[in-house]
Every structure is written in structure tokens, then in C-alpha cells.
Amino acid sequence: MRDVIVVGAGGGGAVVAKELAARGLDVLLLEAGPRHADITEEWTHYENDANNPLTGFLRFGPSDRSQPAWYRELPQNSFLWQLSGVGGTTQHYFGNCPRAYPGVFAGYDGADRDAYDTAHLFPFGYSELVPYYEWVEATLPVQTAAMGRKEEVFFRGCEQLGLPVQTAKTTTEDSYRPQENAILQPGGAAGRVSGYEGEPRLLYPEATGCTFCGYCFQGCSHPAKAPRNLIAKRSTDNSYVPMALTADRWAPGGRPVTLVTDAFVTRVHTEQRGGRTAASGVTWREGATGDHQREDAKVVVLAAGCTENPRLWFNSGLPDPNDWVGRGYTDHYFDWIIASFDSYTGSSKGTGSSARSDWPGRGGVMNVGLPPALKAFTMTFSDSGIRGQYGNGRGEAGPWDGPAGRLMGPELKDMMMGGIDQMFCMLVMTDDDVERQNRVTLSALPADEHGSVAKVEMHQRQRSRRTVANREFLVRKGVEIARAAGARTVHRMDWPPLILHVQSTMRMGESERNSVLDADGQARWVDGLYVADNSALANSAAGVNPTLTTQAVATRTAEKIFTSRFGGAAWVRSEAPVVSTDDRVAQGMDDLGL
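Below or above, wherever it landed, is the structure these notes cover. (Residues numbered from 1 in each chain as written. Predicted model: local features only at pLDDT ≥ 70, side-chain atom pairs only at ≥ 80, totals over all residues. Heavy atoms only, no water.)

### A closer look at the overall build of the chain
Part 1 of the argument: Each helix and strand counted, the chain has 13 helices and 21 strands in total.
Part 2 of the argument: Radius of gyration (C-alpha) of the chain: 23 Å, near the 25 Å computed for a compact globule of 594 residues.
Part 3 of the argument: Counting only C-alpha atoms and orienting by the principal axes, one finds that the chain spans roughly 70 × 55 × 50 Å.
Part 4 of the argument: Taking all 594 residues of the chain together, 63% fall into the buried category. (Helix = DSSP H or I, 4+ residues; strand = E, 2+ residues; numbered from the N terminus. Rg over C-alpha atoms; globule rule 2.2 N^0.38 Å. Buried < 20%, exposed > 50% of the residue type's maximum accessible area, 1.4 Å probe, protein only.)

### Structural notes on the packing of aromatic side chains
Part 1 of the argument: Within the structure shown, the criterion is met by 23 aromatic pairs.
Part 2 of the argument: Ring geometry for phenylalanine 94 and phenylalanine 217: centres 5.8 Å apart, planes at 65 degrees, overall edge-to-face. One end of the pair, phenylalanine 94, is in the loop between strand E3 (79-80) and helix H4 (126-139); the other, phenylalanine 217, is in the loop between strand E8 (207-208) and helix H6 (240-245), with 123 residues separating them in the sequence.
Part 3 of the argument: What makes phenylalanine 94 buried here is its relative accessible area of 13%.
Part 4 of the argument: Pairing phenylalanine 377 with phenylalanine 381 gives two aromatic rings, centres 5.0 Å apart and planes at 25 degrees, and the pair type is stacked.
Part 5 of the argument: Relative accessible area serves as the criterion here: at 25%, phenylalanine 377 is assigned to the partly exposed category.
Part 6 of the argument: Counting every residue linked through ring pairs, the aromatic cluster contains Phe79, Trp81, Phe94, Phe217, Phe334, Trp336, Phe377, Phe381 and Trp495.
Part 7 of the argument: The lysine or arginine in question, arginine 72, covers the ring of phenylalanine 60, its NZ or CZ lying 3.7 Å from the ring centre.
Part 8 of the argument: A cation over an aromatic ring shows up here: arginine 471 above the ring of tyrosine 333, its NZ or CZ 3.8 Å from the ring centre. (Phe/Tyr/Trp six-rings, centres within 6.5 Å; stacked < 30°, edge-to-face > 60°. Lys NZ or Arg CZ within 6 Å of the ring centre and 35° of its normal.)

### Regarding the side chain of threonine 467
Part 1 of the argument: As for its placement among the helices and strands, threonine 467 is situated in helix H11 (residues 465-484).
Part 2 of the argument: A residue is classified by how much of its surface remains accessible, and threonine 467, at 0% relative accessible area, is buried.
Part 3 of the argument: Setting aside anything within four residues of it in sequence, one finds threonine 467 in contact with Tyr333, Thr430, Asp431, Asp432, Asp433 and Glu435. (Contact = heavy atoms within 4.5 Å.)

### Some thoughts on the sheet that holds strand E19 (residues 489-492)
Part 1 of the argument: Spatially, the six strands line up as an open sheet ordered E5-E14-E15-E16-E13-E19, and their pairing is antiparallel. Only two strands of the sheet have a single neighbouring strand rather than two, namely strand E5 (175-178) and E19. Adjacent strand axes in the sheet meet at a mean angle of 20 degrees, parallel and antiparallel pairs treated alike.
Part 2 of the argument: Seen against the sheet, helix H5 (residues 149-161) touches E5, strand E14 (355-359), strand E15 (363-368) and strand E16 (423-430) and runs at an angle of roughly 30 degrees to E14. (Pairing = 2+ DSSP bridges. Axes fitted to C-alpha atoms, helices over the stretch in contact; angles between N-to-C directions.)

### Things to note about the packing of H5 against H11
Part 1 of the argument: Axis separation between H5 and H11 bottoms out at 7 Å; the angle between their running directions is 105 degrees. Regarding the angle of H5 to H11, the classification is roughly perpendicular. Here Phe154, Gly157, Cys158, Gln160 and Leu161 of H5 lie close against H11, whose contacting residues are Lys477, Glu480, Ile481 and Ala484.
Part 2 of the argument: Per-class residue counts for the contact of H5 with H11 are five nonpolar, two polar and two charged. (Parallel < 35°, antiparallel > 145°, perpendicular 65-115°, else oblique. Nonpolar A, V, L, I, M, F, W, Y, C, P; charged D, E, K, R; others polar.)

### Side note on unusual backbone geometry
Part 1 of the argument: Here the residue pair leucine 140 and proline 141 is connected by a cis peptide bond, since its omega of -5 degrees sits within 30 degrees of zero.
Part 2 of the argument: Summarising the element assignment, proline 141 is placed in the loop between H4 and strand E4 (143-144).
Part 3 of the argument: Along the chain, histidine 222 connects to proline 223 via a cis peptide bond; the corresponding omega equals -5 degrees.
Part 4 of the argument: Here proline 223 shows up in the loop between E8 and H6.
Part 5 of the argument: Positive phi outside glycine occurs at lysine 225, with the angle close to 75 degrees.

### Structural notes on the packing of helix H1 (residues 13-22) against helix H12 (residues 547-565)
Part 1 of the argument: Running from amino to carboxyl end, H1 crosses H12 at an angle of 40 degrees, the nearest separation of the two axes being 9 Å. Here H1 is positioned oblique relative to H12, judged by the angle of their axes. Classified by chirality, the crossing of H12 by H1 is right-handed. Contacts between H1 and H12 involve Val15, Val16, Glu19 and Leu20 on the former and, on the latter, Gln551, Ala554, Thr555, Ala558, Ile561 and Phe562.
Part 2 of the argument: Class assignment for the residues of the contact of H1 with H12 results in seven nonpolar, two polar and one charged. (Left-handed = near helix turned anticlockwise from the far one by under 90°.)

### Overview of helix H8 (residues 308-315)
Part 1 of the argument: Where burial is concerned, most of H8 is hidden: seven out of the eight residues are buried.
Part 2 of the argument: Every buried residue of H8 is accounted for by Glu308, Asn309, Pro310, Arg311, Leu312, Trp313 and Asn315.
Part 3 of the argument: Residues of H8 that are buried sit in contact with strand E1 (2-7), strand E10 (263-273), strand E12 (292-302), strand E17 (439-442), strand E18 (454-457) and strand E21 (529-531).
Part 4 of the argument: With its phi angle positive at about 70 degrees, glycine 317 sits one or two positions after the end of H8.

### Remarks on H11
Part 1 of the argument: Over its 20 residues, H11 extends 29 Å from the first C-alpha to the last, a length consistent with the 28 Å expected when each residue adds 1.5 Å.
Part 2 of the argument: Turning to H11, its buried residues number three or more, namely Arg466, Thr467, Asn470, Arg471, Leu474, Val475, Gly478, Val479, Ile481 and Ala482.
Part 3 of the argument: Phi for glycine 486, located one or two positions after H11, is positive at around 110 degrees. (Expected span 1.5 Å × (residues − 1).)

### Description of the nonpolar core
Part 1 of the argument: Judged by nonpolar contacts, the single largest core of 93 residues is most densely connected at Trp313 and Leu529.
Part 2 of the argument: Look past the residues within four positions of tryptophan 313 in its chain and what remains in contact with it is Leu302, Leu318, Pro319, Asp320, Val325, Met506, Ala523, Trp525, Val526 and Leu529.
Part 3 of the argument: Formed by 35 residues, the second largest nonpolar core is a distinct cluster that contains Ala50, Ile231, Met429 and Leu498. (Core = buried A, V, L, I, M, F, W, Y, C linked by side-chain atoms within 4.5 Å.)

### Remarks on the pattern of salt bridges
Part 1 of the argument: Overall, the coordinates contain 48 salt bridges when judged by the stated rule.
Part 2 of the argument: Of the charged contacts in the structure, one is a salt bridge between aspartate 448 and arginine 311, with a shortest N-O distance of 2.9 Å. Of the two residues, aspartate 448 sits in the loop between E17 and E18 while arginine 311 sits in helix H8, which places them 137 residues apart along the sequence.
Part 3 of the argument: Measuring nitrogen to oxygen at the nearest pair gives 2.8 Å for the salt bridge that ties arginine 488 to aspartate 414. One end of the pair, arginine 488, is in the loop between H11 and E19; the other, aspartate 414, is in helix H10 (residues 409-417), with 74 residues separating them in the sequence.
Part 4 of the argument: For arginine 488, a relative accessible area of 33% corresponds to the partly exposed category.
Part 5 of the argument: If you follow the salt bridges from partner to partner, you end up with Asp335, Glu396, Arg471, Glu472, Arg476 and Arg492 in one network. (Salt bridge = Lys/Arg side-chain N within 4 Å of Asp/Glu carboxyl O.)

### Details of the side chain of glutamine 166
Part 1 of the argument: Tracing the chain through its elements places glutamine 166 in the loop between H5 and E5.
Part 2 of the argument: Of the polar contacts made by the side chain of glutamine 166, one reaches the backbone oxygen of alanine 168; its length is 2.7 Å.
Part 3 of the argument: Polar side-chain contacts of glutamine 166 include one of 3.2 Å to the side chain of serine 175.
Part 4 of the argument: Those residues in contact with glutamine 166 that lie beyond four places of it in its chain are Thr171, Ser175, Tyr176, Arg177 and Asp358. (Polar contact = N/O pair within 3.5 Å; in protein donor to acceptor, adjacent residues only side chain to side chain.)

Quick look at the structure:
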């Protein structure tokens, strides 16, 4: 029997596995997707090869790319963007690591306390989570972003609006700042020479950290030839997983995690223990053979994501007495502002997003640079269709130029004539309310080899009045920033539902009436069953990128597991974390041939 089985090696599961392995527990980490151990051979910068949702190496599907992607039922017109594989969706994240605003936690008494989703607060205070934020920030590590021209443009607009610069990690007022992100600062030749695949000066060790190649969304493999734990972007496949696999090298008494990939968990087993339903193990299906394997454990941790955690729960027949498992499917109500300038903006260069403005109680606006195909996707994905030409009642007007919607004809030509580096993009990330009607259930369509598939209901046009007001407020602020920075034209794309940054389907909460997890991250009705990924978050984290908060909460959950289930001592407030770039991790990975 294992001490702990973790289901999912993405943004949260890898954190729990690493922390508990460092305490000497026997941890089995199961991942449904591929390992991607040799990223030099397996990954490219070809955008379709990376991001095609059916065949790309960054898709939600099995290791064998000749096999189809896994299916989910989406009854509405939407796109669900999620990855499988070690690292999960952090394989293509921007690495941005802002902390959630204090107003989304219990006990907040600031003057703007009523501006947040007060019906769905975290069940503990912000100060409780700060040591865990600090632990994760040191482990990854989180640093002030490397910046370039596109950030200079963004800052110029914010300064013209009179916004103050934020210099602390805790956000307390309307402000702007460089991103805090989990991307290593450029060193050596990186940042001093133009980046392309064959440039020898961008090979490790002549180059270290970010090479400004501009393809962050593809899954970072730079600088080429670097040890896995020294790849610039600190997705968990480059940070927490290497630490988990080498825990015996850098942690006194540590024990390396057993990682099994291409292993899709199909059932959580329970038994009656002391009059309570208790988790006892899992069964998974091997993708290559179709064989089923079972292992028992004292503790099971679900970290398979906001869609697959509820699916696994329902397929396992686990209890749901308050009908909240799978409910509260929350994302960020994204919107895009695309501007054109008469001068160089550097839009395609450097990390995905290195600057943001914060609007507590509303959300945030951040600059974004994308490689060409993804930028084209961004500019053509609009709920209004072509500039309001469709009769769907949208294409609204505002401080932007013309009606919302994708460009066509002379306007599109005018935008494109300046080239990608005279464009400028900003992404709105709204502080969304948790809404009960958005949910995951089991589909009535035919099951796949893993059981009934998930049905995701997302009511894009029925969001709360506060959510809609927040989005409109932020779009207008983004337009003001662009015009203040000198934009020639400013357009709004009013994105339709692209389900990303999903959260809260297994939410922890203050009340037993509307939450699945208690304040320790443990399921209220199944002893020894925990959840430790975005689905555990109580709310939309105030409209900031959720990964850092997920990892801080996962660290806290790991500590709760160790102290309450194994009689160990807490460590976050008494020890110093080991940074994931530590030489002992690199040597351990080299010894393992990884």
C-alpha cells in the first residue's frame, strides 16, 4: 500500500507529490497523458504541431498522437482549452504569478470588501496563505519579468492615466506593474542576440534563462540543451516534477516519487472505515495496452483538473449530498483589445506577458504578445462575428473604434500593413462570480474507454450583473491605456466562451451548503480524499492568473495531509525552501537520464 496516490501531474498534483516526497512518504504520481521527457526531439515551434487540439503535442489526449484526442460534450458554442501530459496546462501557461487580491479571502475588512464575490470566499484569511505564496515563489522561483518594448508601450499608457506603480506582491489599489512570473531571467548571451533555433550562442550554458524567442505558449524548451530543471519557463514539468523525481537528492530523508504516465485513472475506490466512507485506492487504464491496474493508498489526492475531477468522482459513484460536485465551473470572462501603432511595439518579442494593471474588485488588464498563428486566432475569435454584421444583437459600440468584432476588408488590410510588430494586444481577465448553473455532469453520449465522458455546461451570456459590469469596466480601461500610449486605432474582439483558467468545480468554501471541500482541501464526505488543483479554488481568485494561488493552496494541502494523516510536523513556517534550479536536482535528473 502506498502512502499517497496523486491523480494528475499538472499545476497542482506535482506540487503535492514533491512536497510529500520531500517528507519521505511513498508517493505514486499518475498522469493520463505523455511524459515529454525529451523535449528537444518531441517539441517544435510549429504552432499547429503544438496547439492543434486534435493532433498537437499540447492537446488533451493520449501519448500516442496517432490516436484521437479525448472527447468532452460541450452543448454550447464554446472551446475548452486544456492539456494532458506531465506539467498539465502549465506546459503552455505564460508563467505569470500574481497573488489573488486579499478581498477574495475570509475575514477581509477593506473598504472595498463588498466589491468581491462575497458568497464564495476562501475559508481562511489572506494572511494564512501568504507563507505558502512565499514558499512557492521561492521554489519556482518567481521573479520580476524580463521586459521589452511592448511592456514599455503598456507602461506609457498607464503612466498617462496617472496610475501608481505597484512595488509589493500584495495588491491593495488600482495600479500597474511588471509581472511577477515564473520564467528565469536571461543570462549570458540570452537577450543579447536575436533568437532563432539554430543560433549557437543561445545554447546552454552560453545562454541561460529566457531567450526572448516569443513562443511561450508552445511549451518552453529554451535555452536548448539546458538541464530540464533549468529550462526558462517554470511549468511544473520543469520545476516541481524534477524535484519530485529527485527528492532523495536534495531533501534529508526524501524519497523519490514513482511517476507513471499514459495512465488514465478510471475509478477511486472506497471502503467503510470507522463508520465513514474513506478513500482506499484507485484503478487506472494503461493507454498503450488497455490493461487495468489497481493500487491502494492511505490518502488519494485528485488533481486531474476542473473537468476530469468531477467526471472521475461521478464515475466512481462517490457521494454528492449537496449537489455541488462539478458546479461553479468558473473561468475568467476574457476579452481582447487589439490596437495599431505607427511605430514599433515589439509585440512578437519576449515572454508572453510581462506587464499588467490591477483593478481590485474588478480584475486585471495585461499586455500579451503571441506568435503569428495564435495572434490571428485572437483577432478572428469574436462573439460579434465580423464587426457586428451578424444579426445576433452584438457588435456593440464604445470607446473603441467602430463596433466590436473581427475586422474585414480595408480595416483589416490597414491593421496588417504595419506588420505584427506595430500591433499591440491586451487581455482582460475579469473577476467572475462563481455561478451554480455552470457545471460538469456525465454525458448521455456513448462512453469512451475510461467511462462516461464529461459534459460541460457554460452559460456564457447568463453571467451575473457584477461579472458583466467588471468586464465592461476593464475593457474601457484597456482602451484608455492603449489610446494614452499613442494607439492609432483600437478595436474590441469581445471573445466568445474560450474556457481557460477554469476553477472551482470542487471548490473549498466556508459553508457546507455550497462547497465540496473543507478548509484543509479534504472532501467533506470521503475521508482521506483531497483535491489540489484549480478545481479546489473557492472562486475566480479576483481575476488574476490562478496558477500561483493553486500551488500555494496545494502546498498548504500537502502540509495538512502530512500533519493530520501521518503525524508529521509542519514546515512552511519553520524551514527554507529549496529552489527548483538547485544543482542537486539537475544532477539527479542527469543520473536518471531525464
